[in-house]
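# Chain and residue survey
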Amino acid sequence: MKRLLIIFLLMSSMASASDFNITWTSIKEDIVNKEYIITIQNLDTDMQTVDVESFFRDTNFDTSQIRDVEFYEQIVKPVIKEIKHYKTIQVSETVSHIDNETGMLINITKMVNKSVLDYIEKKTVNKKVFNKQKTQVLKNNKKTKEISHGKITLLSVKTMGKINNAGTKTFILKFKTPPFGSRGKVGLKINGKEYHPYWNSTWSNRKKITLTGTSSGSQTNYQLLLNVSYEPEMNPDFSDLRFCNETDQLSAWLKSKVNESYAFIWVKFPHIPADGETEDYWMYYGNSEASAYWNGDATFEFFDDGEVHSNGDGLKATGGWIQGNTFDGNGINEYSNDRAYTGDISLHLEDLGGEVYHNSELTSLPQILECEIYVESGNIGSAFTNFAIQEGSNNWAYNGGASITAKGTTWNVGYGNSLYSTSKSLIIGWHKLTIKAKSDGSADMYVDNDLLDVSVPSATLNNNDNKVVFGSYVGGHHSYIDRVRVRKYISPEPTYAFGDTGYYVDSIYFNSSNPYYNLIDYKGDIAVNHTYSSSDDLEWAAQAVDDDVGFVVTSMGSSEIDFITYEGILDWLHLVNLDNSKIYTLQNGSGDLEEHQASGNVVNFTTDLSPDDYEIEITAVPTPSPTITPTSVQPANYSDTKLSDADIKSFYYPFMYILFIVIIIGGFMHVFGN
């Protein structure tokens, strides 16, 4: 019986946070020894001295069994280097060979060039070395083990040194685990904040999101709209989607969706890279127990969809809206469940309500204001409903800013104390309004993504007391507005691209004891206690694995193994418990790929295995032929006379006859003489 084991999904992923970028790379993974290279980039403009701890948790063994935890910091150390200088001299050299015609040994002496040491120069050079840090166990129980590595100095992002690139320093973390059945999570704490390669183990899948900056430059806390295609592992309504860097969940808000098809989601990214540079984030999914976690308040600069309020709650009393200009002053200003674009509640103004405004959280252009607004009639006469960005509070919205207004039978735009009719007709129902306020003080305005293109004076928006305004007046007209939001805007906007799906395993996977065959199934879960009665046709469930995955085969015995890989690429293959007198050859249909004689009962294949059928052939080490040590060859003395066969026989046979008679007579004399 042959038992297979998946032991590790290589970690090479980027962790980002507000203070540090952290990169993990596994450089050693055997049954017991684990080793990671960790780079920590300080993103602040000042040098930082931080407390660093390593932690171990979520293990299926007592974490006190983790031992030999070592932490190394890369430093530059001056060392004395010996530089050897050589010179060329001529020396005599005798070469011997046997002449092919005569068989004589011939010696030839000639002068040849030889390089000899002239002198040794000692020079001081700077060398990158890893300096071991002192460690101290902070916590050690069955669930968690935390080890302090003390104070670490991280240079600033603006500092360029001999061993750092823009504030980046390199460290190595080493430790040992129990040999069988061990798995768990490892990470670092920097100033008490955790950094580890996977955000949350209850989400089985993730996709990388790579942001690319534009000529607009780097940005902070910027909102981007992502178009997410449905994957079979996602909840049908996308409720399990989470957007993260390696340590923190990002704020996100669902704009629209079609179940099991696609979703448009606004995500607030902590950092957008500079022109041409990239930065990686992650979209997690694959948790059927997860419920939707959308937060417009945390995602946008300003947001109000009314859902946190109850029917009849006052806009001014509970929502923080402020009464602006009034037509009469006695209208309704409330949260209402009469109608809503999504959810249960919207914002409601009666015609006598005039305008209400909310101070925008964004104080500098450019910015984008959006909302959904309900139109009750295709002809509202002299009444109007408006949505605007307003500067100051002395006039109606269209006087001191830029507004989109429903009036008469068409949509209007408002600039400079005037309304300008457009060709876009009013249609009963919900409509999306967008005001794109640009850095030059002008504004583009859209209804349902259609630009309201009219010849009007450019608005003069100068960031003076910006407000988000919603208003209506005249004749029994009710206005409803929902999902009011303000977001940042740059042109050109950053771009994004989704990477391939990654499948979750804990930060570390170790080998398991016999007789288990552990595999990653299509969701990346670990299935244990799978056994096979035959060593042939074992199908390695590699369809869910990503690049840089390795397998360990235990107790292979003396039989050949056939196996199949599917979508992923196997980066290495490790065989243990082998026979040192055997040769193990990895093959596919094109022939032999790699061959090794077992040493220490182990063979390690490093060939990248693409999807294909493979075989490991086992053969005995060839028995070496007997070694014959030749005697020295001496020159032969001979004449030009060649003996014939008759001459040889005339000498040989009489000689052997006489020798036989002598031996017989000698035997008789010996016997009778005694």
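Nothing here was measured: the structure is a model prediction, and the numbers come from that model.

## Observations concerning the overall build of the protein chain
Summing up its helical and strand segments, the protein chain has 3 helices and 45 strands in all. Residue burial in the protein chain is summarised as follows: out of 674 residues, 45% are buried. Considering only residue pairs separated by 6 or more positions, the protein chain has 71% of its internal contacts joining residues 24 or more positions apart.

## Observations concerning the confidence of the model for the protein chain
This prediction gives the protein chain a mean pLDDT of 76; 70% of its residues lie at or above 70. Here residues 1–18 is a poorly scored stretch, pLDDT under 50, and it has 96 contacts once near neighbours within four places are set aside; other chains count. In the model, residues 505–550 has pLDDT below 50 throughout and makes 153 contacts with residues more than four positions away in sequence or in other chains.

## Considering empty space enclosed by the protein
To find leftover empty space, a probe the size of one water molecule is rolled over the atoms. In total, this model carries 1 cavity of 30 Å³ or more according to the counting rule given. Looking at the largest cavity, its volume works out to about 40 Å³. Residue lining of the largest cavity: Ile373, Tyr374, Val375, Glu376, Ile380, Thr385, Ala406, Trp411 and His477, and that is the complete set. Looking at the lining of the largest cavity, the element that brings in the most residues is strand β24 (residues 367–375), giving 3 residues. Looking at side-chain class alone, the lining of the largest cavity contains 6 nonpolar, 2 polar and 1 charged residues.

## Things to note about the pattern of salt bridges
If you walk through the whole model with that rule in mind, you get 18 salt bridges. Measuring nitrogen to oxygen at the nearest pair gives 3.7 Å for the salt bridge that ties Asp68 to Arg67. Owing to a relative accessible area of 43%, Asp68 belongs among the partly exposed residues under this scheme. Its salt-bridge partner being Lys582, residue Asp579 comes within 3.8 Å of it at the nearest N-O pair. Taken together, the salt bridges that share partners define one network made up of Glu370, Glu372, Lys432, Arg483, Arg485 and Arg487.

## Examining the packing of aromatic side chains
Under the counting rule described, the total for this entry stands at 14 aromatic pairs. With a centroid separation of 6.2 Å and 20° between ring planes, the pair formed by Tyr36 and Phe175 is classed as stacked. With Tyr36 in strand β4 (residues 33–42) and Phe175 in strand β10 (residues 168–176), the pair connects residues that are 139 residues apart, well separated along the chain. Phe175 shares its class with Tyr36; the two are buried. Centre to centre, the rings of Tyr374 and Trp430 are 5.4 Å apart; their planes meet at 65°, and the pair counts as edge-to-face. One end of the pair, Tyr374, is in strand β24; the other, Trp430, is in strand β29 (residues 429–437), with 56 residues separating them in the sequence. Aromatic rings pair up to connect Trp253, Trp266, Phe300 and Phe303 into one cluster. Its guanidinium or amino end placed over the ring of Phe55, Arg57 lies 4.3 Å from that ring's centre, counting from NZ or CZ. Here the basic side chain of Lys255 rests over the ring of Phe264, its NZ or CZ set 5.9 Å away from the ring centre.

## A few points about the environment of Glu493
Relative to the elements of secondary structure, Glu493 occurs in the loop between β33 (478–488) and β34 (495–503). Residues Glu493 and Gly213 lie 280 residues apart in sequence; the distance between their C-alpha atoms is 8.0 Å. Among all residues touching Glu493, those that are not within four sequence positions of it are Thr214, Tyr222, Gln223, Leu224 and Arg487. Here Tyr222 takes part through its side chain, which lies 2.5 Å from a polar atom of the side chain of Glu493.

## A closer look at the pairing of strand β22 (residues 346–350)
Note on strand geometry: in a regular strand, side chains alternate between the two faces of the sheet. Counted residue by residue, β22 has 5 buried out of 5 residues, so it is predominantly covered. With 4 bridges connecting them, strand β21 (residues 333–336) and β22 associate as antiparallel partners. Bridge assignment links Asn333 to a residue of β22, and that residue is Leu349. Where β22 lies against β33, 4 bridges are found, and the strand directions are antiparallel. Each bridged residue has a counterpart across the sheet, and for Leu347 the counterpart in β33 is Ile481.

## Overview of unusual backbone geometry
In this structure, the amide linkage connecting Ser491 to the following residue, Pro492, adopts the cis form with an omega of 0°. One can find Pro492 in the loop between β33 and β34. Positive phi outside glycine occurs at Asp448, with the angle close to 50°. For Asp448, the location among the structural elements is in the loop between β30 (443–447) and β31 (450–451). By relative accessible area, Asp448 is classed as partly exposed at 31%.

Procedures and definitions
For every chain, the first residue of its written sequence is number 1, and the numbers climb from 1 along that sequence. Local features in this predicted model are restricted to residues of pLDDT 70 or higher, and side-chain atom pairs are both shown and tallied only at a pLDDT of 80 or more, whereas totals for entire chains, interfaces and linings draw on every residue. By convention in this description, side-chain values take in all heavy atoms of the structure and omit both hydrogens and water. Each helix is a run of DSSP H or I of at least 4 residues and each strand a run of E of at least 2, with the numbering of both proceeding from the N terminus. We call a residue buried when its accessible area falls under 20% of the maximum for its residue type, exposed when it is over 50%, and partly exposed in between, using a 1.4 Å probe and counting protein chains only. Any two residues having at least one pair of non-hydrogen atoms within 4.5 Å are treated as being in contact. Confidence of the predictor at the level of single residues is given by pLDDT, which spans 0 to 100. The pocket and cavity definitions rest on a 1 Å grid over protein atoms only: a 1.4 Å probe that fits but cannot leave marks a cavity, an open set with protein on both sides within 12 Å along at least five of seven lines marks a pocket, and residues lining either have an atom within 4 Å of a point. Grid points are joined across faces, edges and corners, and a volume is the space filled by probe spheres set on the points. Amino acids are sorted into nonpolar (Ala, Val, Leu, Ile, Met, Phe, Trp, Tyr, Cys and Pro), charged (Asp, Glu, Lys and Arg) and polar (every other residue, Gly among them). Every case where a carboxyl oxygen of Asp or Glu lies within 4 Å of a side-chain nitrogen of Lys or Arg is listed as a salt bridge. Planes of paired rings set the category: under 30 degrees apart is stacked, over 60 is edge-to-face and the rest tilted, where pairs are Phe, Tyr or Trp rings (Trp by its six-membered ring) whose centres lie within 6.5 Å. The criterion for a charge sitting over a ring is simple: Lys NZ or Arg CZ within 6 Å of the ring centre, and within 35 degrees of the ring normal. In protein, a polar contact requires one atom able to donate a hydrogen and another able to accept it; more generally it is a pair of N or O atoms within 3.5 Å, and residues adjacent in sequence count only if both atoms are side-chain atoms. Pairing between strands is defined by DSSP: at least two bridges between them are needed.

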